[in-house]
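Spelled out from the first residue to the last, the chains are:
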Amino acid sequence: MDLRRSMLFLPGNNPGMLQNGGVFEADAVILDLEDAVAPREKDAARLLVAQALQSVDYGRSEKVVRINTLDTYGKQDIKAVVPCSPDGILLPKVQSAADVQQAAALIDAAERPGQKKVRIFALIETPGGVEQAYGIATADPRMAALVLGAEDYTAAIGSQRTPAGTEILHARSSLVNAAAAAGIQAVDTPFTDVNDDAGLANDTRFAKSLGFKGKLSINPRQLEVIYSVFNPEAAEIDWAQQVVAAIRQAEAEGSGVASLHGKMVDAPIVNRAERILFLARLLGLVGGDGQ
Ligand SMILES: CC(C)(COP(=O)(O)OP(=O)(O)OC[C@H]1O[C@@H](n2cnc3c(N)ncnc32)[C@H](O)[C@@H]1OP(=O)(O)O)[C@@H](O)C(=O)NCCC(=O)NCCSC(=O)C[C@@](O)(CC(=O)O)C(=O)O
Ligand SMILES: [Mg+2]
(Lines give C-alpha, C1' and ligand atoms only; values in the text may rest on other atoms or scores of the structure.)
(Ligands and ions follow the chains in the order given, each with its own letter.)
Protein backbone atom coordinates (compact mmCIF):
# COMPACT_ATOMS: atom_id res chain seq x y z
CA MET A 1 0.00 0.00 0.00
CA ASP A 2 1.34 3.43 -0.92
CA LEU A 3 0.99 6.22 1.61
CA ARG A 4 -1.11 9.01 0.09
CA ARG A 5 -2.72 10.70 3.10
CA SER A 6 -2.28 13.97 1.30
CA MET A 7 -1.20 15.09 -2.14
CA LEU A 8 -0.16 18.77 -2.15
CA PHE A 9 -0.73 20.94 -5.25
CA LEU A 10 2.21 23.11 -6.32
CA PRO A 11 1.22 25.64 -9.02
CA GLY A 12 3.44 24.92 -12.04
CA ASN A 13 3.91 28.61 -12.83
CA ASN A 14 5.25 29.50 -9.38
CA PRO A 15 9.02 28.90 -9.16
CA GLY A 16 9.09 29.60 -5.40
CA MET A 17 6.40 27.04 -4.58
CA LEU A 18 7.94 24.45 -6.93
CA GLN A 19 11.33 25.00 -5.31
CA ASN A 20 10.03 24.72 -1.69
CA GLY A 21 7.65 21.84 -2.38
CA GLY A 22 10.00 19.24 -0.90
CA VAL A 23 10.23 20.72 2.58
CA PHE A 24 6.66 20.02 3.70
CA GLU A 25 6.91 16.20 3.80
CA ALA A 26 3.71 15.73 1.79
CA ASP A 27 3.15 12.09 0.89
CA ALA A 28 2.86 13.33 -2.70
CA VAL A 29 3.31 16.64 -4.48
CA ILE A 30 1.31 17.50 -7.60
CA LEU A 31 3.15 19.88 -9.93
CA ASP A 32 0.19 21.50 -11.65
CA LEU A 33 0.06 22.45 -15.32
CA GLU A 34 -3.75 22.62 -15.53
CA ASP A 35 -6.10 24.91 -13.63
CA ALA A 36 -3.48 26.74 -11.54
CA VAL A 37 -1.83 27.97 -14.78
CA ALA A 38 -3.34 30.56 -17.14
CA PRO A 39 -3.32 29.67 -20.88
CA ARG A 40 -0.67 32.26 -21.75
CA GLU A 41 1.66 30.72 -19.13
CA LYS A 42 1.29 27.07 -20.20
CA ASP A 43 4.56 26.85 -22.19
CA ALA A 44 6.65 28.54 -19.51
CA ALA A 45 5.08 26.40 -16.75
CA ARG A 46 5.80 23.20 -18.70
CA LEU A 47 9.49 24.14 -18.88
CA LEU A 48 9.56 25.08 -15.18
CA VAL A 49 7.95 21.80 -14.12
CA ALA A 50 10.29 19.72 -16.31
CA GLN A 51 13.24 21.56 -14.78
CA ALA A 52 11.90 21.16 -11.22
CA LEU A 53 11.50 17.40 -11.71
CA GLN A 54 15.18 17.18 -12.60
CA SER A 55 16.65 19.60 -10.10
CA VAL A 56 14.47 19.86 -6.95
CA ASP A 57 14.79 17.29 -4.17
CA TYR A 58 11.21 16.37 -3.24
CA GLY A 59 12.50 13.98 -0.58
CA ARG A 60 10.14 11.15 0.22
CA SER A 61 7.20 12.82 -1.60
CA GLU A 62 5.81 10.98 -4.61
CA LYS A 63 6.19 13.31 -7.63
CA VAL A 64 3.01 13.63 -9.70
CA VAL A 65 2.36 16.10 -12.55
CA ARG A 66 -1.18 17.23 -13.34
CA ILE A 67 -1.21 17.71 -17.10
CA ASN A 68 -3.84 19.44 -19.20
CA THR A 69 -6.56 17.48 -21.00
CA LEU A 70 -5.30 15.65 -24.09
CA ASP A 71 -7.44 17.80 -26.41
CA THR A 72 -5.69 20.98 -25.19
CA TYR A 73 -2.02 20.96 -24.08
CA GLY A 74 -1.89 17.47 -22.57
CA LYS A 75 0.05 15.73 -25.34
CA GLN A 76 2.80 18.37 -25.21
CA ASP A 77 2.82 18.07 -21.42
CA ILE A 78 3.35 14.29 -21.54
CA LYS A 79 6.19 14.59 -24.07
CA ALA A 80 7.96 17.20 -21.96
CA VAL A 81 7.52 15.83 -18.44
CA VAL A 82 7.45 12.02 -18.72
CA PRO A 83 11.16 11.71 -19.67
CA CYS A 84 11.97 13.71 -16.49
CA SER A 85 10.88 10.70 -14.39
CA PRO A 86 7.81 11.80 -12.45
CA ASP A 87 6.28 8.98 -10.37
CA GLY A 88 2.84 9.71 -11.75
CA ILE A 89 0.66 11.73 -14.09
CA LEU A 90 -2.66 13.12 -12.84
CA LEU A 91 -5.10 13.21 -15.76
CA PRO A 92 -7.80 15.86 -15.34
CA LYS A 93 -11.47 15.49 -16.29
CA VAL A 94 -11.25 11.79 -17.11
CA GLN A 95 -14.55 10.62 -18.58
CA SER A 96 -13.88 7.06 -19.74
CA ALA A 97 -11.50 4.11 -19.85
CA ALA A 98 -10.52 5.25 -23.35
CA ASP A 99 -9.17 8.54 -21.92
CA VAL A 100 -6.85 6.57 -19.63
CA GLN A 101 -5.80 4.20 -22.41
CA GLN A 102 -4.98 7.09 -24.77
CA ALA A 103 -2.83 8.71 -22.07
CA ALA A 104 -1.17 5.37 -21.22
CA ALA A 105 -0.13 4.92 -24.88
CA LEU A 106 1.34 8.44 -24.98
CA ILE A 107 3.19 7.87 -21.70
CA ASP A 108 4.50 4.56 -23.00
CA ALA A 109 5.89 6.31 -26.09
CA ALA A 110 7.48 9.11 -24.02
CA GLU A 111 9.19 6.95 -21.36
CA ARG A 112 12.95 6.50 -21.74
CA PRO A 113 14.26 2.92 -21.94
CA GLY A 114 14.71 1.54 -18.41
CA GLN A 115 12.73 4.36 -16.80
CA LYS A 116 10.51 3.39 -13.84
CA LYS A 117 6.94 3.04 -15.10
CA VAL A 118 4.93 6.22 -14.60
CA ARG A 119 1.66 5.62 -12.70
CA ILE A 120 -1.66 7.20 -13.69
CA PHE A 121 -3.98 9.04 -11.31
CA ALA A 122 -7.44 9.81 -12.76
CA LEU A 123 -9.11 13.02 -11.61
CA ILE A 124 -12.85 12.41 -11.74
CA GLU A 125 -14.64 15.73 -11.91
CA THR A 126 -17.51 15.27 -14.36
CA PRO A 127 -20.84 13.42 -14.11
CA GLY A 128 -19.71 11.12 -16.96
CA GLY A 129 -16.50 10.32 -15.10
CA VAL A 130 -18.44 9.37 -11.96
CA GLU A 131 -20.67 7.05 -14.03
CA GLN A 132 -17.60 5.36 -15.57
CA ALA A 133 -15.50 5.19 -12.40
CA TYR A 134 -14.97 1.42 -12.32
CA GLY A 135 -14.07 1.25 -16.04
CA ILE A 136 -11.59 4.07 -15.50
CA ALA A 137 -10.10 2.42 -12.41
CA THR A 138 -9.50 -0.82 -14.31
CA ALA A 139 -8.55 0.73 -17.68
CA ASP A 140 -4.79 0.15 -17.46
CA PRO A 141 -2.25 -1.50 -15.12
CA ARG A 142 -0.67 1.93 -14.56
CA MET A 143 -3.74 3.11 -12.62
CA ALA A 144 -2.81 4.05 -9.03
CA ALA A 145 -5.83 5.99 -7.72
CA LEU A 146 -9.13 7.69 -8.47
CA VAL A 147 -9.11 11.30 -7.28
CA LEU A 148 -12.24 13.43 -6.79
CA GLY A 149 -12.42 17.02 -8.07
CA ALA A 150 -15.57 18.41 -6.48
CA GLU A 151 -15.41 22.02 -7.70
CA ASP A 152 -15.66 21.09 -11.39
CA TYR A 153 -18.08 18.28 -10.55
CA THR A 154 -20.59 20.45 -8.66
CA ALA A 155 -20.38 23.10 -11.39
CA ALA A 156 -21.17 20.41 -13.99
CA ILE A 157 -24.21 19.05 -12.14
CA GLY A 158 -25.49 22.58 -11.49
CA SER A 159 -25.05 22.41 -7.73
CA GLN A 160 -22.96 24.25 -5.15
CA ARG A 161 -20.50 23.10 -2.52
CA THR A 162 -21.88 23.10 1.02
CA PRO A 163 -20.11 22.36 4.33
CA ALA A 164 -22.17 19.16 4.76
CA GLY A 165 -21.19 17.95 1.28
CA THR A 166 -24.54 16.24 0.58
CA GLU A 167 -24.25 17.29 -3.09
CA ILE A 168 -21.06 15.21 -3.56
CA LEU A 169 -21.99 12.18 -1.44
CA HIS A 170 -22.96 10.08 -4.45
CA ALA A 171 -19.74 10.96 -6.30
CA ARG A 172 -17.60 10.29 -3.23
CA SER A 173 -19.16 6.89 -2.53
CA SER A 174 -19.07 5.92 -6.22
CA LEU A 175 -15.32 6.64 -6.38
CA VAL A 176 -14.55 4.80 -3.17
CA ASN A 177 -16.49 1.74 -4.31
CA ALA A 178 -15.00 1.70 -7.81
CA ALA A 179 -11.46 2.14 -6.50
CA ALA A 180 -11.90 -0.59 -3.89
CA ALA A 181 -13.35 -2.98 -6.49
CA ALA A 182 -10.33 -2.30 -8.71
CA GLY A 183 -7.85 -2.67 -5.82
CA ILE A 184 -6.57 0.91 -6.05
CA GLN A 185 -6.91 3.97 -3.78
CA ALA A 186 -9.46 6.78 -3.67
CA VAL A 187 -8.24 10.29 -2.81
CA ASP A 188 -10.72 13.02 -1.83
CA THR A 189 -11.27 16.51 -3.23
CA PRO A 190 -9.43 19.53 -1.73
CA PHE A 191 -10.96 21.68 1.01
CA THR A 192 -10.71 25.16 -0.42
CA ASP A 193 -10.82 27.40 2.71
CA VAL A 194 -7.19 27.28 3.82
CA ASN A 195 -7.96 29.23 7.01
CA ASP A 196 -10.67 26.90 8.34
CA ASP A 197 -8.82 24.08 10.13
CA ALA A 198 -11.93 22.87 11.97
CA GLY A 199 -13.88 22.65 8.70
CA LEU A 200 -10.97 20.82 7.06
CA ALA A 201 -10.76 18.33 9.93
CA ASN A 202 -14.53 17.63 9.78
CA ASP A 203 -14.48 17.21 6.01
CA THR A 204 -11.42 14.92 6.18
CA ARG A 205 -12.95 12.78 8.95
CA PHE A 206 -16.09 12.37 6.84
CA ALA A 207 -14.05 11.42 3.76
CA LYS A 208 -12.09 8.87 5.80
CA SER A 209 -15.31 7.40 7.17
CA LEU A 210 -16.51 6.86 3.58
CA GLY A 211 -13.33 4.93 2.72
CA PHE A 212 -11.00 7.53 1.18
CA LYS A 213 -7.32 6.86 1.82
CA GLY A 214 -6.20 10.48 1.45
CA LYS A 215 -7.20 14.04 0.53
CA LEU A 216 -5.83 16.59 -1.90
CA SER A 217 -4.40 19.76 -0.34
CA ILE A 218 -3.77 23.19 -1.79
CA ASN A 219 -1.71 24.69 1.03
CA PRO A 220 1.07 23.22 3.20
CA ARG A 221 -0.78 24.37 6.35
CA GLN A 222 -3.48 21.78 5.55
CA LEU A 223 -1.12 18.79 5.77
CA GLU A 224 -0.91 18.49 9.55
CA VAL A 225 -4.71 18.53 9.94
CA ILE A 226 -5.17 15.92 7.21
CA TYR A 227 -2.44 13.67 8.64
CA SER A 228 -3.93 13.89 12.12
CA VAL A 229 -7.15 12.42 10.70
CA PHE A 230 -5.61 9.68 8.53
CA ASN A 231 -2.94 8.61 11.04
CA PRO A 232 -4.18 5.75 13.22
CA GLU A 233 -4.82 6.90 16.79
CA ALA A 234 -3.20 5.17 19.80
CA ALA A 235 -6.57 3.65 20.78
CA GLU A 236 -7.06 2.24 17.25
CA ILE A 237 -3.58 0.69 17.28
CA ASP A 238 -4.21 -0.76 20.73
CA TRP A 239 -7.52 -2.27 19.51
CA ALA A 240 -5.83 -3.69 16.40
CA GLN A 241 -3.07 -5.30 18.48
CA GLN A 242 -5.67 -6.88 20.77
CA VAL A 243 -7.62 -8.20 17.76
CA VAL A 244 -4.51 -9.81 16.26
CA ALA A 245 -3.54 -11.33 19.62
CA ALA A 246 -7.07 -12.67 20.13
CA ILE A 247 -7.30 -14.29 16.70
CA ARG A 248 -3.81 -15.83 17.04
CA GLN A 249 -4.84 -17.41 20.31
CA ALA A 250 -8.12 -18.65 18.81
CA GLU A 251 -6.27 -20.12 15.82
CA ALA A 252 -3.83 -21.88 18.15
CA GLU A 253 -6.89 -23.44 19.79
CA GLY A 254 -8.23 -24.52 16.37
CA SER A 255 -10.89 -21.82 15.88
CA GLY A 256 -11.22 -19.08 13.21
CA VAL A 257 -13.39 -16.88 15.44
CA ALA A 258 -12.40 -15.14 18.68
CA SER A 259 -14.12 -12.93 21.19
CA LEU A 260 -12.71 -9.58 22.35
CA HIS A 261 -14.50 -7.76 25.17
CA GLY A 262 -17.65 -9.67 24.23
CA LYS A 263 -17.48 -8.80 20.51
CA MET A 264 -16.94 -11.31 17.73
CA VAL A 265 -13.58 -11.17 15.94
CA ASP A 266 -13.50 -12.89 12.55
CA ALA A 267 -11.79 -12.42 9.16
CA PRO A 268 -13.12 -8.95 8.15
CA ILE A 269 -12.38 -7.55 11.63
CA VAL A 270 -8.88 -9.03 11.48
CA ASN A 271 -8.37 -7.53 8.00
CA ARG A 272 -9.31 -4.09 9.33
CA ALA A 273 -6.96 -4.51 12.29
CA GLU A 274 -4.14 -5.60 10.00
CA ARG A 275 -4.66 -2.54 7.77
CA ILE A 276 -4.38 -0.28 10.83
CA LEU A 277 -1.17 -2.02 11.95
CA PHE A 278 0.25 -1.90 8.40
CA LEU A 279 -0.29 1.88 8.29
CA ALA A 280 1.10 2.23 11.82
CA ARG A 281 4.23 0.31 10.77
CA LEU A 282 4.64 2.49 7.65
CA LEU A 283 4.47 5.58 9.86
CA GLY A 284 6.88 4.10 12.41
CA LEU A 285 4.22 4.17 15.15
CA VAL A 286 4.80 0.49 15.96
CA GLY A 287 7.69 -1.90 15.39
CA GLY A 288 8.01 -4.39 12.54
CA ASP A 289 6.08 -7.03 14.52
CA GLY A 290 3.11 -4.65 15.01
CA GLN A 291 3.96 -4.15 18.75
C1 LIG B 1 -4.71 28.88 -1.69
C2 LIG B 1 -3.58 29.87 -1.72
C3 LIG B 1 -3.86 30.94 -2.79
C4 LIG B 1 -3.51 30.56 -0.35
O5 LIG B 1 -2.47 31.52 -0.40
P6 LIG B 1 -1.94 32.26 0.87
O7 LIG B 1 -1.00 33.29 0.42
O8 LIG B 1 -3.10 32.65 1.72
O9 LIG B 1 -1.14 31.11 1.61
P10 LIG B 1 -0.24 31.21 2.90
O11 LIG B 1 -0.60 30.07 3.75
O12 LIG B 1 -0.31 32.56 3.51
O13 LIG B 1 1.22 30.99 2.36
C14 LIG B 1 2.28 30.81 3.29
C15 LIG B 1 3.51 30.28 2.57
O16 LIG B 1 3.21 29.01 1.97
C17 LIG B 1 3.47 29.08 0.59
N18 LIG B 1 2.46 28.26 -0.07
C19 LIG B 1 1.13 28.44 -0.09
N20 LIG B 1 0.53 27.49 -0.81
C21 LIG B 1 1.51 26.69 -1.27
C22 LIG B 1 1.53 25.54 -2.06
N23 LIG B 1 0.40 25.02 -2.58
N24 LIG B 1 2.69 24.96 -2.33
C25 LIG B 1 3.85 25.46 -1.86
N26 LIG B 1 3.89 26.56 -1.09
C27 LIG B 1 2.74 27.16 -0.81
C28 LIG B 1 3.35 30.54 0.22
O29 LIG B 1 4.07 30.82 -0.95
C30 LIG B 1 3.96 31.18 1.43
O31 LIG B 1 5.35 31.06 1.35
P32 LIG B 1 6.31 32.26 1.86
O33 LIG B 1 5.91 33.44 1.07
O34 LIG B 1 7.69 31.73 1.60
O35 LIG B 1 5.99 32.40 3.31
C36 LIG B 1 -2.24 29.16 -1.99
O37 LIG B 1 -2.01 28.26 -0.95
C38 LIG B 1 -2.16 28.47 -3.35
O39 LIG B 1 -1.92 29.13 -4.35
N40 LIG B 1 -2.34 27.17 -3.36
C41 LIG B 1 -2.33 26.37 -4.59
C42 LIG B 1 -3.64 26.50 -5.33
C43 LIG B 1 -3.75 25.52 -6.47
O44 LIG B 1 -2.80 24.85 -6.79
N45 LIG B 1 -4.95 25.37 -7.06
C46 LIG B 1 -5.20 24.47 -8.13
C47 LIG B 1 -5.30 23.09 -7.64
S48 LIG B 1 -6.81 22.66 -6.84
C49 LIG B 1 -7.73 22.12 -8.13
O50 LIG B 1 -7.50 22.39 -9.25
C51 LIG B 1 -8.74 21.22 -7.75
C52 LIG B 1 -9.78 20.96 -8.80
O53 LIG B 1 -9.34 20.21 -9.88
C54 LIG B 1 -10.69 20.31 -7.98
C55 LIG B 1 -12.03 20.29 -8.54
O56 LIG B 1 -12.25 20.31 -9.72
O57 LIG B 1 -12.86 20.26 -7.67
C58 LIG B 1 -10.37 22.22 -9.39
O59 LIG B 1 -10.56 22.25 -10.62
O60 LIG B 1 -10.71 23.11 -8.60
MG1 LIG C 1 -10.71 20.73 -11.63
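Residues numbered from 1 in each chain as written. Chains lettered and ligands numbered in written order. Predicted model: local features only at pLDDT ≥ 70, side-chain atom pairs only at ≥ 80, totals over all residues. Heavy atoms only, no water.

**Some thoughts on helix α12 (residues 267-282)**
- Between its first and last C-alpha atoms α12 spans 22 Å; for 16 residues at 1.5 Å apiece the expected length is 22 Å, and the two agree.
- Of all the positions in α12, only Ile-269, Val-270, Ala-273, Ile-276, Leu-277, Leu-279 and Ala-280 are classed as buried.
- Close packing links the buried residues of α12 with α10 (221-230), α11 (234-252) and β10 (263-265).
- Following α12 by one or two positions, Gly-284 adopts a phi angle in the positive range, close to 75°. (Helix = DSSP H or I, 4+ residues; strand = E, 2+ residues; numbered from the N terminus. Expected span 1.5 Å × (residues − 1). Buried < 20%, exposed > 50% of the residue type's maximum accessible area, 1.4 Å probe, protein only. Contact = heavy atoms within 4.5 Å.)

**Describing the nonpolar core**
- Core analysis: the biggest nonpolar cluster contains 56 residues, and Leu-31, Val-65, Ile-89 and Leu-146 have the highest contact counts within it.
- Setting aside residues no more than four positions away along its own chain, Val-65 makes contact with Leu-31, Leu-33, Val-49, Leu-53, Val-81, Pro-86, Gly-88, Ile-89 and Leu-90. (Core = buried A, V, L, I, M, F, W, Y, C linked by side-chain atoms within 4.5 Å.)

**Points about the confidence of the model for the protein chain**
- With 99% of its residues at a pLDDT of at least 70, the protein chain reaches an overall mean of 95.
- Reported confidence for the predicted complex is 0.97 by ipTM and 0.93 by pTM. (pLDDT = per-residue confidence, 0-100.)

**Observations regarding the pairing of strand β4 (residues 88-91)**
- Of the two faces of β4, the one lined by Gly-88 and Leu-90 and the one lined by Ile-89 and Leu-91 are each fully buried.
- As judged from the three bridges shared by strand β3 (residues 62-66) and β4, these two strands associate in the parallel manner. Paired with Arg-66 across the strands is Leu-90, a residue of β4.
- Viewed along the sheet, the connection from β3 through helix α3 (residues 74-81) into β4 turns out right-handed.
- Crossover connection from β4 via helix α4 (residues 97-110) to parallel strand β5 (residues 119-124): handedness right-handed. (Pairing = 2+ DSSP bridges. Right-handed = clockwise from strand over helix to strand, strands pointing away.)

**Regarding the site of ligand 1**
- In the vicinity of ligand 1 lie 21 residues, with Arg-66, Ala-150, Glu-151, Ile-218 and Arg-221 positioned nearest.
- Here an oxygen atom of ligand 1 and a backbone polar atom of Ala-150 are 2.7 Å apart.
- Within the side chain of Asn-219, an N or O atom sits 2.9 Å from an oxygen atom of ligand 1.
- When ligand 1 sits alone it has 1,100 Å² of accessible area, and the protein chains cover 61% of it. (Near = heavy atom within 4 Å. Polar contact = N/O pair within 3.5 Å; in protein donor to acceptor, adjacent residues only side chain to side chain. Areas by Shrake-Rupley, 256 points an atom, 1.4 Å probe, with all protein chains shown as cover.)

**Some details on the packing of helix α9 (residues 197-210) against α10**
- Close contact between α9 and α10 brings their axes to 9 Å; oriented N to C, the two are set at 35°. Note on packing geometry: the crossing formed by α9 with α10 is right-handed. Packed against α9, whose contacting residues are Asp-197, Leu-200, Ala-201, Thr-204, Arg-205 and Lys-208, the element α10 presents Gln-222, Val-225, Ile-226, Val-229 and Phe-230 at the interface.
- Here the residues of the contact of α9 with α10 sort into six nonpolar, two polar and three charged. (Axes fitted to C-alpha atoms, helices over the stretch in contact; angles between N-to-C directions. Left-handed = near helix turned anticlockwise from the far one by under 90°. Nonpolar A, V, L, I, M, F, W, Y, C, P; charged D, E, K, R; others polar.)

**Remarks on the coordination of the magnesium ion (ligand 2)**
- For the magnesium ion (ligand 2), the full set of protein donor atoms is Glu-125 (OE) and Asp-152 (OD), and the range of their distances to it is 2.0 to 2.2 Å. Separated by 27 residues along the polypeptide, Glu-125 in the loop between β5 and α5 (127-131) and Asp-152 in helix α7 (residues 150-157) bring together distant segments of the chain. (Donors = N, O, S within 2.8 Å, 3.2 Å for Na, K, Ca; no water.)

**Examining the UniProt feature "binding site: substrate" (unreviewed entry) in the protein chain**
- UniProt annotation of "binding site: substrate" (unreviewed entry) refers to Arg-66 and Glu-125 when read in the numbering used here. With the annotated positions falling across 60 residues, the maximum pairwise C-alpha distance of 13.6 Å places them together in a single cluster.
- Classification of Arg-66 by relative accessible area gives buried; the value is 7%.
- Ignoring sequence-local partners within four residues, the contact set of Arg-66 consists of Phe-9, Ile-30, Leu-31, Asp-32, Leu-33, Glu-34, Asp-35, Ala-36, Leu-90, Pro-92 and Leu-123.
- Polar side-chain contacts of Glu-125 include one of 3.0 Å to the backbone nitrogen of Lys-93. (UniProt positions renumbered as here; feature names shortened; annotations may be inferred.)

**Here's the deal with α4**
- Taking 1.5 Å of rise per residue, 14 residues should cover 20 Å, and α4 covers 20 Å from first to last C-alpha, within 8% of that figure.
- Looking only at α4, the buried set comprises Val-100, Ala-103, Ala-104, Ile-107 and Ala-110. The buried residues of α4 occupy an angular sector of 125° when projected down its axis, which confines them to one face.
- Summarising the contacts, the buried residues of α4 are in contact with α3, β4, β5, α6 (133-137) and β6 (143-148). (Arc of directions from axis to C-beta.)

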